[in-house]
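Architecture and fold: a report
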Amino acid sequence: FVARTYRAMTGASCSGGASPFTDVDPSSYAVDAIDCIYGLGITTGTSSTTYSPNEYVTREQVAAFVARTYRAMTGASCSGGATPFTDVDPGSYAAGDIGCLYGLGVVNGTSGTTYSPDEFVTREQAAALLARLYRLVTDPSCSGGATPFIDVAPSSYAAGDVGCLHGLGVVKGTSGTTYSPSEYATRKQVAALLGRIWMAPAIIS
């Protein structure tokens, strides 16, 4: 299977210029990704001048990030849909995003009827969401691959997702041999993933 690249199809790039966020260290590994997702409209920050890069990301926040990325990649409206999640307030800013991603098969609940929107998202959960997004819009065959991460159990639901994204250069470890799958993901880590996934299709040839 030879995937057509998203960048080739749409001219996708991350050259929108600097963000207005004064709390993002210019030397941070995530600065370009934060600029990228700001320019794409995927994030507006925690205020007009702050991104709060070291704060943890909740499950409703990550749904908003991923749904906006999907819309930016595809041009689809994907504005909502019914879900079985009784703990998602219909008035929440992320309700439509969760509905969108649930309908696409990108998000699952923490039970048959709960999404746990206020819980923090883990690094393995973030990898699962991004890998599902990548498969949906680009390459459905991206199903895994060897990684150096000894703390990602082969039996984990996210092992193939981590392997897929590692092979694409989207995910990196917390060390040369660890991924720290159960640690919470920060806003700068999620920004890095989103920025890399935006460009990842260009890796496929």
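Here, the structure is the one placed above.
Below is a summary of the structure that appears in this document. Everything quoted here is computed from the prediction, not taken from an experiment.

This part is about the packing of aromatic side chains. Counting across every chain of the model gives 8 aromatic pairs. Relative to Tyr115, the ring of Phe85 has its centre 5.5 Å away and its plane inclined at 40 degrees; by these criteria the two rings are tilted. Of this pair, Phe85 sits in the loop between α3 (59–74) and α4 (95–104) while Tyr115 sits in the loop between α4 and α5 (123–137); the two residues are 30 residues apart in sequence, bridging distant segments of the chain. Both residues of the pair, Phe85 and Tyr115, count as buried. A connected cluster of aromatic rings, assembled from ring pairs, spans Phe21, Tyr38 and Tyr51. Directly above the aromatic system of Tyr115 lies the positively charged group of Arg59, at a separation of 4.3 Å from the ring centroid. Above the plane of the ring of Tyr179 lies Arg123, whose end atom (NZ or CZ) is 4.3 Å from the centre.

Further remarks concern the state of the cysteines. Across all of its chains, the model carries 2 disulfides by this definition. Between the sulfur atoms of Cys78 and its disulfide partner Cys100 the distance amounts to 1.9 Å. Across the S-S bond of Cys78 and Cys100 the torsion is about 110 degrees, and the bridge reads as right-handed. A residue pair is termed long-range when its members are at least 10 positions apart, and Cys78 in the loop between α3 and α4 and Cys100 in helix α4 qualify at 22 residues. Taken as a pair, Cys78 and Cys100 share a single burial class, namely buried. Across a sulfur-sulfur distance of 2.0 Å, Cys142 and Cys164 are joined as a disulfide pair. Residues Cys142 and Cys164 are joined through a disulfide that is right-handed, its torsion about the S-S bond being 115 degrees. Here Cys164 lies in helix α6 (residues 159–168) and Cys142 lies in the loop between α5 and α6, a separation of 22 residues in the sequence. Classification of Cys142 as buried rests on a relative accessible area of 11%. Residue Cys164 is classed as buried on the basis of its relative accessible area of 2%.

What counts and what doesn't
- Residues numbered from 1 in each chain as written.
- Predicted model: local features only at pLDDT ≥ 70, side-chain atom pairs only at ≥ 80, totals over all residues.
- Heavy atoms only, no water.
- Phe/Tyr/Trp six-rings, centres within 6.5 Å; stacked < 30°, edge-to-face > 60°.
- Helix = DSSP H or I, 4+ residues; strand = E, 2+ residues; numbered from the N terminus.
- Buried < 20%, exposed > 50% of the residue type's maximum accessible area, 1.4 Å probe, protein only.
- Lys NZ or Arg CZ within 6 Å of the ring centre and 35° of its normal.
- Disulfide = S-S within 2.5 Å.

Everything listed here is a matter of geometry and, on its own, says nothing about what the molecule does.
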